[in-house]
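Coordinate inspection notes
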Amino acid sequence: MTTKSSYDKNKVILLVYDGLGDRPSMNGKTPLQAANTPYMDEISEEGINGLMDVISPGIVPGSDTAHLSILGYDPYKYYPGRGVFEALGADMELDKGDVAFRANFATVDEKMKVIDRRAGRKGSKELAETLNGLEIEGIKIFLKNTTEHRCAVVMKGENLSRYVSDVDTHEAGGIVKECKPLKEGEDEKKTATITNEFVRMSYEILNEHPVNEERRRRGEPPANIILLRGAGSYEKVLSMKEKFGFSAACIAGASLYKGVAKYIGMDVIPVEGATGKADTNLNNKAETALHALEKHDFVFVHVKGTDNNGHDGDFEGKKEMISRIDKELVARIKDADAYIAITADHSTPVSIKRHSSDPVPVVIKGEGVRKDEVNKFDEVSVASGALGRIRGIDLVPILSDFMGYYTMYGT
Ligand code: ZN
Ligand code: ZN
């Protein structure tokens, strides 16, 4: 056995299951309690366990703010608005002051009533290219199709503001909303005017577009408008390396998480077959994580499927997904030469099909951790663990100390 010198630095793999936490429903059990998870249980047995309030008790986290918190960035200070993460996740260039949105192609009738919020799964790339690069009042607007009907939109120019309302109706049947300033100010007024003009122009251009003519011929509804929401404003923040001292990598399928990672200066490592859905290739994620550990100190691995099952109210699906992650991902990384931490970004109980503030389980395994009596990784068992109840924002500092990149206060 070799003894590490106190100057050696350690590494971490942080595995985050999206929406893993739940409430008891089937036979009084949560999907995590009901799932078959021998490898996570082994980590629990060897590690220190606890519960985590990702933002703070009673606050329901969004996936975006939750990840900022878990990765050591106070969301109340660092959250730039969702659109920024979408644009970064889509590999778009952002400069200070740019305003970014999430967007989707939709179908509207001539009275601007939304018939379908998710139109044009095919042909979206071509439609996005048609709108890309438009200029309104000196503001250049760039657009990139991400998956299916989804796009990221970036406005570049002077005096823009993220404080404008959504155009998206969020459900079919409503009339396309007018974008309104959410604060008193010239920048807000200007951004709202440009947004409304862009949406109007998108209808004019897309309604007559050959892709939509073809769709009509086939009897499909046209993707004849783009609806914007989630405005965000970009500003460069300290990278994890600058803030904590170690290099960090992200392994994720869905673009939101890649966007969060880029925002805080992580290297985003592409994974073959990582889809951000249930069919994601977990074996590849595990291999990529182990490989990333060679060059990075902190490797964050994200799995999305569990949250989707929660939103669908699918207990069995969530249980199966958890079991599969254990077998295909956890089994492969559990003995890596690194601290292993496992947690979730929030709970998504199948009984309510939305995120909730219920705290999530967390475990850390590695040299020197105060191993406790817990031997099963689930929402209830971990509550008696030695880590107690922490906040999301505490996780990276705790891991940093184990890694040897600690902050000392006082002498
Ligand atoms: Zn989430
Ligand atoms: Zn969710």
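Everything below is about the structure printed above this text.
Presented here is an overview of the structure given in this document. This one's a predicted model, so the numbers in the text were calculated from it and none came from an experiment.

What counts and how
Residues numbered from 1 in each chain as written. Chains lettered and ligands numbered in written order. Predicted model: local features only at pLDDT ≥ 70, side-chain atom pairs only at ≥ 80, totals over all residues. Heavy atoms only, no water. Helix = DSSP H or I, 4+ residues; strand = E, 2+ residues; numbered from the N terminus. Buried < 20%, exposed > 50% of the residue type's maximum accessible area, 1.4 Å probe, protein only. Contact = heavy atoms within 4.5 Å. Donors = N, O, S within 2.8 Å, 3.2 Å for Na, K, Ca; no water. Tetrahedral: all angles 85-135°; square planar, octahedral: opposite > 155°, others 65-115°.

With respect to the element layout, Ile139 can be found in strand β6 (residues 139-145). With relative accessibility at 1%, the residue Ile139 sits in the buried group. Along the primary structure Ile139 and Gly123 are separated by 16 residues, whereas in three dimensions their C-alpha atoms are 26 Å apart. Setting aside its immediate chain neighbours within four residues, Ile139 contacts Leu134, Met155, Lys156, Gly157, Glu158, Leu160, Lys190 and Ile194.

Quick look at the environment of Glu129 now. Here Glu129 lies in helix α6 (residues 124-131). Here Glu129 falls in the exposed class, since its relative accessible area comes to 58%. Spatially, the C-alpha atom of Glu129 lies 53 Å from that of Tyr409, the residues being 280 residues apart in sequence.

Take the coordination of the zinc ion (ligand 2) next. Within the protein, the zinc ion (ligand 2) binds to Asp307 (OD), Asp307 (OD), His311 (NE2) and His355 (NE2); these donor distances fall in the range 2.1 to 2.6 Å. Note that the zinc ion (ligand 2) binds four donor atoms; their angles at the metal cover 54 to 141°, and the shape is irregular. For the zinc ion (ligand 2), the donor residues sit on a single chain with the sequence spacing D-x3-H-x43-H. What makes His311 partly exposed here is its relative accessible area of 33%.

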